[in-house]
Structure formats: structure tokens, C-alpha cells
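The residues making up each chain are set out below.
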Amino acid sequence: MSYFCHRIIGLILLLVCHLAVASTDQQIGFFLKSEFNDGDYINGIGSEYWLINPNSSVGLAINSSLGNAKVTDDLSIEHHYLAWDLGIKFGYFDDIFVYAELGFDFGEMVLSDRDKDEYDHNLTFSEFLTYLATDGYTQHHSYADYYQDYDSSNDIDGYIGSGVGVKFDQIVVEGFARYRQIDGEYWQADSQIYSGVKVTLLF
């Protein structure tokens, strides 16, 4: 997943450079957004950079948001955490617009789950043998197997989605739906589909 995120960042930079030298309308916006699934939510405040071709109204928007999230896992346990999303939208941007989008948790990518990795490598072989003697042998038969499985248990969170919006001069109102991959070191989110609303002030 980390390799995928690095490729996405490279793609974003390539597209920005291409559009920056082309004839584009460029605007910066600040937004509030809320997305939810039943009692779960991901709220945030952020900024967005629009690059739109004035002739075709086709373009992209790069956004980043910081906020709070409450997510319930598949054991019905609630998790609260800081959500730092970085995403990109591709679409047709006019007074009424439509787009597809993808993004990921930038905080997780930057931190690279360091706390978990350090904990992994501090596990001694005797501690691993104790783990096997209790309840671990059914799933892990070697030290390397334990590391491989444990290291993959907390992927970088990400999303794909689509949305529609309406632009009133400098005010933009959007509705969107996202499929989110959310997990932690020992848990997996119970729900992956979120719907949301977003209000942006463009300059």
C-alpha cells in the first residue's frame, strides 16, 4: 500500500506540472466537510487547489483535510483518531460538476506506522516462543511468518469515490460517496461506504 501511495503522489505531481504549464484557471478554496455511515463519521477542515481548463471545463482538484473521526470496528468497538486526508479529484468542473476521486491518509503514510514497526522488532525470540505456546501456533509457525503477517495488519488507509457539486460564484456545495479502507494495528472497520457533504469557499 505504501508503494501505491508513493505512485499516486508521483502521478499528482506530474498532473500538476502538466496543467501548470497549460492554459488553466487556477483557484484556491477552503472547505468544511462531513462524511458519515450510521453513527460513524469523519469530519474535517481543509484546503483545495483547482486546475481547470477554461475551454473544456475538464480538470483536477487537489485537496487536503485535517479532522476527527469516529469509526466502529467489526467487534463493535469505537475508535477515535485524527484523520489527515490527501486526495485528488478528476472531472468536469463547471457551474454544475461531476468527478471521480481517490486519496489516502497522509499522516499514516508519513509516519509509516513507526510505533508498530519498532514494537515488532523489539519482540525477542523467547517472547515469540511464549506467544506460540499460548495461542499463536495455529496461525504462525515461524518468527518470519509472524512478522510478515503482523506487519501487514495495519495498511495505509485510503479511499475511492465520486461526487457531484454546484458552484454559486465563490461558494461550492458538493455531495459525495466514498469507499474507504480503514484499519488499525488490531482492528478492521465494520463499514466501508461513507456519504458526505462539503462546502467550499473559492478565491
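Look up: the structure comes first, before these words.
Since the model is a prediction, treat every value here as computed from it, not as a measurement.

Caption draft 1: Fine view of the sheet that holds strand β5 (residues 96–105). An order of β1-β2-β3-β4-β5-β6-β7-β8 is seen for the eight strands of this closed barrel, with the pairing classed as antiparallel. Averaged over all pairs of adjacent strands, the angle between their axes in this sheet comes to 25 degrees, without regard to strand direction. Here strand β1 (residues 25–37) runs beside strand β8 (residues 193–202); their pairing, made up of eight bridges, is antiparallel. Pairing of phenylalanine 36 across the sheet is with serine 195, part of β8.

Caption draft 2: Broad picture of the pattern of salt bridges. Tallying each qualifying case throughout the model produces ten salt bridges. The salt bridge involving glutamate 35 is made with lysine 33; its shortest N-O contact spans 2.7 Å. Among the residues examined, lysine 33 registers a relative accessible area of 7% and is labelled buried. Note that arginine 180 and glutamate 35 form a salt bridge whose closest N and O atoms lie 2.8 Å from each other. Here arginine 180 is found in strand β7 (residues 171–181), whereas its partner glutamate 35 is found in strand β1, with 145 residues between them in sequence. Side by side, arginine 180 and glutamate 35 carry an identical accessibility label, which is buried.

Caption draft 3: Representation of the nonpolar core. Membership of the largest hydrophobic core is limited to nine residues, which are Trp50, Ile52, Ala61, Phe93, Phe97, Tyr99, Val172, Phe176 and Leu202. Counting residues per element, the ones that place at least two in this core are β2 (40–52), β5 and β7. Beyond its immediate stretch of four places on either side in the chain, alanine 61 contacts Glu48, Tyr49, Trp50, Gly87, Ile88 and Lys89. The next biggest cluster of nonpolar side chains, apart from the first, holds eight residues, and it includes Ile42, Ala69, Ala83 and Ala189.

The rules behind each value
Residues numbered from 1 in each chain as written. Predicted model: local features only at pLDDT ≥ 70, side-chain atom pairs only at ≥ 80, totals over all residues. Heavy atoms only, no water. Pairing = 2+ DSSP bridges. Helix = DSSP H or I, 4+ residues; strand = E, 2+ residues; numbered from the N terminus. Axes fitted to C-alpha atoms, helices over the stretch in contact; angles between N-to-C directions. Salt bridge = Lys/Arg side-chain N within 4 Å of Asp/Glu carboxyl O. Buried < 20%, exposed > 50% of the residue type's maximum accessible area, 1.4 Å probe, protein only. Core = buried A, V, L, I, M, F, W, Y, C linked by side-chain atoms within 4.5 Å. Contact = heavy atoms within 4.5 Å.

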